[in-house]
Amino acid sequence: ARLAAQLEHPNVVHISDFGEADGAFFLAVEYLRGVDLGTLLKTRLKMGLGPFPPRVAAAVVAQAAAGLHYAHTANDAEGRPLRIVH
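The model shown is predicted, which means the values in this text are computed figures rather than measured ones.

### Side note on the pairing of strand β2 (residues 24–29)
Successive side chains on a regular strand alternate, one facing one side of the sheet and the next facing the other. Note that strand β1 (residues 15–21) and β2 share six bridges and pair antiparallel. In the strand pairing of β2, Ala21 is matched with Ala24. Counting the residues between successive antiparallel strands, the hairpin from β1 to β2 contains two residues, one of them, Asp22, with a positive phi of roughly 55°.

The following block contains the structure:
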């Protein structure tokens, strides 16, 4: 959690706090307003629109890959690799 809290990228949810409360660990992350991808897909299918067009699916995957690449190659304030593996 300490390593992940250092990450700042548009495609990585920001961790604002973490710790333990009443014997359970927690992460407090930024609130992202909107609908999750699964709900969007189910809605499209119910409306008879089919799956996402290839260009939309490719854009979603590219953004997820950009966030993962950032996390995998991130460095700390002194320039040392964080060595995060997702």
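### Points about the confidence of the model for the chain
Overall, the prediction assigns the chain a mean pLDDT of 95, with 100% of residues at 70 or greater. Taken element by element, the chain is modelled with least confidence in β1, mean pLDDT 95, and with most confidence in helix α2 (residues 54–73), mean pLDDT 97.

### As for a nonpolar patch on the surface
On the surface, Val13, Leu27, Val29 and Leu32 cluster together into a nonpolar patch covering about 350 Å² of accessible area. Within the secondary structure, Val13 sits in the segment before β1. Overall, Val13 belongs to the partly exposed group, its relative accessible area being 35%.

### What about the pattern of salt bridges?
Side-chain pairs of opposite charge can arise where the charged atoms are in close proximity. A full pass over the atoms with the stated rule returns two salt bridges. Put simply, Asp76 and Arg80 hold a salt bridge, and the shortest N to O gap is 2.9 Å. Residue Asp76 is classed as buried on the basis of its relative accessible area of 16%. Measuring nitrogen to oxygen at the nearest pair gives 3.1 Å for the salt bridge that ties Glu78 to Arg80.

Thresholds applied
- Residues numbered from 1 in each chain as written.
- Predicted model: local features only at pLDDT ≥ 70, side-chain atom pairs only at ≥ 80, totals over all residues.
- Heavy atoms only, no water.
- Pairing = 2+ DSSP bridges.
- Helix = DSSP H or I, 4+ residues; strand = E, 2+ residues; numbered from the N terminus.
- pLDDT = per-residue confidence, 0-100.
- Patch = residues over 30% accessible without salt bridge, like charges linked within 9 Å, V, L, I, M, F, W, Y side chains within 5 Å.
- Areas by Shrake-Rupley, 256 points an atom, 1.4 Å probe, with all protein chains shown as cover.
- Salt bridge = Lys/Arg side-chain N within 4 Å of Asp/Glu carboxyl O.
- Buried < 20%, exposed > 50% of the residue type's maximum accessible area, 1.4 Å probe, protein only.

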